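Listed below are the residues making up each chain.
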Amino acid sequence: MNIKTVPADPKGVDSGPHFMDGDHALAEGALAAGCRFFAGYPITPSTETFERFAERAPEVGAMFIQMEDELAAIAANIGAAWGGQKVMTVTCGPGFSLMVENIGLAAMTETPMVICNVQRAGPSTGAPTLTAQQDMMQAKYGPHGDNAMIALSPDSPQECFDLAIEAFNLSEYYRVPVVILTDETVGHMHEKVVIPAADQIKVVPRNLYTGPKEDFRPYKFDGKGGHPMTRAGDGYHFHVTGLTHNEKGYPVVTADQNKIVVTHLMEKINGNADDIVRLDEDQIEGADVVVVSYGITSRIAVKAIQDARKEGIKVGSLRMITIWPFCEKRIRELAGKVKTFVVPELNYGQMVLEVERCAGGKSKVISVNHCGGAVHDPEVILEAIRKGNK
Amino acid sequence: MSTQEIRFSGFGGQGIIRCALITGKALSLFDDKFATMTQSFGPEARGSACAAQLVVSDDRVLYPYITQPGILMALSQEAYDLYYPELPKGGVLIVEEDLVKLKSDHADLALRRVPATRFAEELGNRLFTNLVALGFLTAVTNVVSADAMKKALPGLVPDRFLKINQKAFEKGYEYGVEAVNAVGATL
């Protein structure tokens, strides 16, 4: 992927080593990536991101607004993005549910933005202070209609920082909302976070159109990223609507145009999955069992994997850093080569459905599900690995 | 790879989570170790038993939770009652001696007692109890260096109270050194 990047603006980069929680690291990552607008509504366990951004905003010259609710927060972000800012908001399940309508609008209008979901146990208001990974499908299928979204899942405060930058870069290039699916545990866990010098951080800047005014088109439906935007108020003539639209942005509500737009929206993400998907693999080669996990669960699974290896089981680890688009290609490659995929997650079995789909019956798939509220007992994952090895 | 697991406990408001933050920062920024801190998060952290956990290692900490703490610092009766049974034989038990009534002599543990609240009150405010206890812990165990702990303080205590917190740390540290000298070795 050959994407133009620039060094980060030093104003937003608090370089050096820190002992920081994941929530704060998300805010620092956003500021380093050039985010200068944040509209949100506080909710446990994501409030620390909100607070950190609010505290840092005056120093950095960013705008922070506590809106009246999540619906307004996401709407303000769409507006600010078309006003030329890089924007972020943070929430968790109940707030995300309120945001999905306008996340769909952002996807349809190809508005770059980052939404962090620090997941807590649901359904509904559930258990606000307890961890979970129950919103994995919601990130992609929350908004109605066909949406190809990008979602990333960090496993540590350091990765919260790193992935916040990556989320902004992907969001700017593909002009798509990017969701960071973290969880209460990573959000509140403190670890060392090293923030590099600004000139070491690569940032995708807002791609602003500079050509003749009459030629400006806010959209190009070619299934690719990298298309320029403009800022409202700069004198360019364009339209932003959730209705099916032409390249100028005006409604063209026909089946033919819908095919053009939806194909583009899906293909710009799914067609570039090889460039977007990032995995962290360990000892997959020759493995009989592969544990597919993400976020905090991958760190719990490590303990089970280490114990299984001591028992002589050939077990590999595939940690999904990118959740959406799903790592379809890699699972299909491994299907049939490994005996079993073991999929632990802090939900009743969500991403395991994707693994099963791509395994296509060629490998066994064992779901190690959990109702949330705590992390797995590693022994339960170990037992699944043993079963998978039989 | 050597791993140490520490649980800091007391009641909400004693600065328990702050203890783990300071120690975690000292270890990971100034003592060249890896440290992962998790904490009580919820209504229980505000008034009743409160705990923060630190996993310390020479390598990256993968599993973030403690499995069996080798060191327990208990600054309240409730915390002591709740957590001392999980210490293994030879484990280090540090208690606030005026607030914790021991249930046994704990002959199988390395028990160390510190009147942290009393010392803090002598310094002017019981708010400094946690720093006295941290100074004591630093002296009686080999987990973290005093130098790193002192470096970790700025930014984690309010600027205007930095000096008095440093003093509280020193007070606990000196008392801990005396305890070590009495026994002849750190733990």
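Just so you know, these numbers come straight off a predicted model, no measurement behind them.

Draft legend 1. Up close: the overall build of chain A. The helix and strand inventory of chain A stands at 13 helices and 17 strands. Relative to the globule expectation of 21 Å for 390 residues, the C-alpha radius of gyration of chain A, 21 Å, shows essentially globular dimensions. Principal-axis analysis of the C-alpha atoms places the extent of chain A at approximately 70 × 50 × 40 Å. For chain A, with 390 residues in total, the buried portion stands at 61%. Sequence separation of 24 or more characterises 77% of the internal contacts of chain A that already satisfy a separation of 6 or more. Just so you have it, chain A exposes about 14,500 Å², and 51% of that area is on carbon and sulfur atoms.

Draft legend 2. Region of the structure containing the packing of helix 4 (residues 129-140) of chain B against helix 6 (residues 162-183) of chain B. Residues and elements named next belong to chain B. Remark: helix 4 packs on helix 6, axes separated minimally by 6 Å, with the N-to-C direction vectors making an angle of 40°. Judged by the twist between their axes, the crossing of helix 4 over helix 6 is right-handed. Of the residues in helix 6, those in contact with Leu131, Val132, Leu134, Gly135, Phe136, Thr138, Ala139 and Val140 of helix 4 are Asn165, Ala168, Phe169, Gly172, Tyr173, Tyr175, Gly176, Val177, Ala179 and Val180. Looking at the contact of helix 4 with helix 6 residue by residue, the class counts come to 13 nonpolar, five polar and no charged.

Draft legend 3. Region of the structure containing the interface of chain B and chain A. Residue-level contacts link 20 residues of chain B with 23 residues of chain A. Both sides of the chain B and chain A interface together cover about 1,700 Å² of buried area, and 66% of this is carbon and sulfur. Taking the shortest distance from any N to any O, the salt bridge between aspartate 155 of chain A and arginine 60 of chain B comes out at 3.7 Å. Contributions of two or more residues to the side of chain B that touches chain A are made by helix 1 (16-30) and strand 2 (34-39) of chain B. Taken together, the residues of the side of chain B that touches chain A sort by class into 12 nonpolar, six polar and two charged.

Draft legend 4. Up close: the packing of aromatic side chains. Here the structure, examined in full by the defined rule, presents 19 aromatic pairs over all chains. For the pair phenylalanine 216 of chain A and phenylalanine 238 of chain A, a centre-to-centre distance of 5.9 Å together with 85° between the ring planes defines the contact as edge-to-face. Residue phenylalanine 216 of chain A is located in the loop between strand 11 (202-203) and helix 8 (255-270), and its partner phenylalanine 238 of chain A is located in the loop between strand 11 and helix 8; the two are separated by 22 residues in the primary sequence. For the pair formed by phenylalanine 216 of chain A and phenylalanine 238 of chain A, the shared burial category is buried. Look at tyrosine 63 of chain B and tyrosine 65 of chain B: their rings are 6.2 Å apart centre to centre, the planes differ by 65°, and that puts the pair in the edge-to-face class. The class for tyrosine 63 of chain B is buried, based on a relative accessible area of 17%. When the ring centre of tryptophan 324 of chain A is taken as origin, the NZ or CZ atom of lysine 140 of chain A, which lies over that ring, is 5.5 Å away. Directly above the aromatic system of tyrosine 236 of chain A lies the positively charged group of lysine 213 of chain A, at a separation of 5.7 Å from the ring centroid.

How each quantity is defined
Residues numbered from 1 in each chain as written. Chains lettered and ligands numbered in written order. Predicted model: local features only at pLDDT ≥ 70, side-chain atom pairs only at ≥ 80, totals over all residues. Heavy atoms only, no water. Helix = DSSP H or I, 4+ residues; strand = E, 2+ residues; numbered from the N terminus. Rg over C-alpha atoms; globule rule 2.2 N^0.38 Å. Buried < 20%, exposed > 50% of the residue type's maximum accessible area, 1.4 Å probe, protein only. Contact = heavy atoms within 4.5 Å. Areas by Shrake-Rupley, 256 points an atom, 1.4 Å probe, with all protein chains shown as cover. Axes fitted to C-alpha atoms, helices over the stretch in contact; angles between N-to-C directions. Left-handed = near helix turned anticlockwise from the far one by under 90°. Nonpolar A, V, L, I, M, F, W, Y, C, P; charged D, E, K, R; others polar. Buried area = accessible area lost by both parts, 1.4 Å probe. Salt bridge = Lys/Arg side-chain N within 4 Å of Asp/Glu carboxyl O. Phe/Tyr/Trp six-rings, centres within 6.5 Å; stacked < 30°, edge-to-face > 60°. Lys NZ or Arg CZ within 6 Å of the ring centre and 35° of its normal.

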